[in-house]
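In case you want the letters, here they are:
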Amino acid sequence: MTLHWTAAAIDGAARAGTLHTAHGEVPTPVFMPVGTAGTIKAMTADAVRSTGARMILGNTYHLMLRPTAERIARLGGLHKFADWHGPILTDSGGFQVMSLAGLRKLDADGVTFQSHIDGSKHRLTPERSIEIQHLLGADVTMCFDECTPFPATEEQAAESMRLSMRWAARSRDAFVARPGHGLFGIVQGSTFAELRAESVAALTAIGFEGYAIGGLAVGEGQEAMFATLDVTTPLLPADRPRYLMGVGTPADIIGAVRRGIDMFDCVIPTRSGRTARAYTSAGQLNLRNARHADDGAPLDASCACPACRNHSRAYLHHLFKCEEMLGPMLLTWHNIAYYQQVTGTLRAAILDGRFEAVATRLEAALDPA
Ligand SMILES: [Zn+2]
């Protein structure tokens, strides 16, 4: 059977369910830590597993440049290469080409670009992106698309979205169906409701195992992001998983689950962990701040990760002050563990029919008045 999603409970628009993949089942809502170059930075795969994370993301753009998809395939695929035996979702490379690559040239067929590492020339088309993701062994493959820059005029957003829809059809044709694997379409259209609806109609006419909402978390702000979800999510097929790409803060995730999103990925917990920023059940903390120097309390008393169980805020502050590498390691560990706690708490609340009460309590704790 192909990759699919089953619902366990619906509470309002919030959904709890299970994603069934070739590498196991994933309870949703799920947060996927980002393993850009085949590693969740500063974490061993065992450490990532111990946070409760069940599924990770890999980046086509980074892995096609180094060590190349063909080399990873020769070495047994990304799961083996990275010691990650759960499901992996790979992005299509389109977003990173736009945000990282040097000189790039977009045409109707694909995009030619220079590597940000050594300036070498590469090309991605829908067919090549799908082939790379197949070589990596992705459980969830993403359609190759153009992430519409923000802000964009309605004409620019329409043109970009329609190009992505043509590429979605080509991605579907290029995808090789295997049991437990699936291809997700990506809804584009910037913050324009009519374009989002047109994009959903185009994708559902093609048919995908899941639907992602792309082109958000690119500077539009939380209010515009939620407004776009309000007009987009209700149009998506109820029996398919929904993935909000690149989102977000804990408050973004709570608000998106409320609007019917099942899957998330974001660099925030890992990148913040490396720069001394902690996300906790009582909001954000900067561990570089001198006020933590004498604080013997744990980072988050309600967290059982090694940073919180074994160490004080004072010790974490000391590590960052001395630029010891254990600081980023422990804080990354905590932030990923905390994100897993958030999605796990939301899932339990949906199963209990208490989503709104629990979500409101979490939101109030994150943003104390
Ligand atoms: Zn912790």
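A brief structural summary. (Residues numbered from 1 in each chain as written. Predicted model: local features only at pLDDT ≥ 70, side-chain atom pairs only at ≥ 80, totals over all residues.)

Let's shift gears to the overall build of the protein. Looking only at helices and strands, one finds 15 helices and 16 strands in the protein. Against the 2.2 N^0.38 benchmark of 21 Å for 369 residues, the protein shows a C-alpha radius of gyration of 20 Å, consistent with a compact globule. When the backbone C-alpha atoms are referred to their principal axes, the protein occupies close to 60 × 50 × 40 Å. Looking at the 369 residues of the protein, the share that counts as buried comes to 52%. Long-range contacts, defined as pairs at least 24 residues apart, comprise 67% of the intrachain contacts of the protein with a sequence gap of at least 6. (Helix = DSSP H or I, 4+ residues; strand = E, 2+ residues; numbered from the N terminus. Rg over C-alpha atoms; globule rule 2.2 N^0.38 Å. Buried ≥ 20, exposed ≤ 12 C-beta atoms within 10 Å, placed from the backbone. Contact = placed C-beta atoms within 7 Å.)

It is worth spelling out the packing of helix 7 (residues 154-174) against helix 8 (residues 193-206) at this point. Interaxial distance between helix 7 and helix 8 falls to 10 Å at its minimum, and their mutual angle equals 10°. Here helix 8 runs roughly parallel to helix 7, going by the angle between their axes. Contacts between helix 7 and helix 8 involve Ala157, Ala158, Met161, Met165, Ala168, Ala169 and Arg172 on the former and, on the latter, Leu195, Ser199, Ala202, Leu203 and Ile206. Its residues assigned to classes, the contact of helix 7 with helix 8 shows 10 nonpolar, 1 polar and 1 charged. (Axes fitted to C-alpha atoms, helices over the stretch in contact; angles between N-to-C directions. Parallel < 35°, antiparallel > 145°, perpendicular 65-115°, else oblique. Nonpolar A, V, L, I, M, F, W, Y, C, P; charged D, E, K, R; others polar.)

Where helix 14 (residues 326-352) contacts helix 15 (residues 355-366), the axes come no closer than 8 Å and their chain directions differ by 155°. Taken together, the axes of helix 14 and helix 15 are roughly antiparallel relative to one another. The chirality of how helix 14 crosses helix 15 is right-handed. From helix 14, Val342, Thr345, Leu346, Ala349 and Ile350 reach across to helix 15, where they touch Phe355, Val358, Ala359 and Leu362. (Left-handed = near helix turned anticlockwise from the far one by under 90°.)

Bringing the pairing of strand 4 (residues 30-35) into the picture now. For a regular strand, the rule is simple: side chains alternate between the two faces of the sheet. A large share of strand 4 lies buried, amounting to 6 of its 6 residues. Covered by surrounding structure in strand 4 are Val30, Met32 and Val34 together with Phe31, Pro33 and Gly35, the residues of both alternating faces. Bridge count for strand 4 against strand 14 (residues 263-266) is 4 bridges, and the pairing is parallel. Bridge pairing in strand 14 places Val30 opposite Met263. Alignment of strand 4 against strand 5 (residues 56-58), held across 2 bridges, turns out to be parallel. Looking at strand 5, one finds that Gly35 is bridged to Gly58. A crossover connection joins strand 4 to the parallel strand 5 through helix 1 (residues 45-50); in handedness this β-α-β unit is right-handed. (Pairing = 2+ DSSP bridges. Right-handed = clockwise from strand over helix to strand, strands pointing away.)

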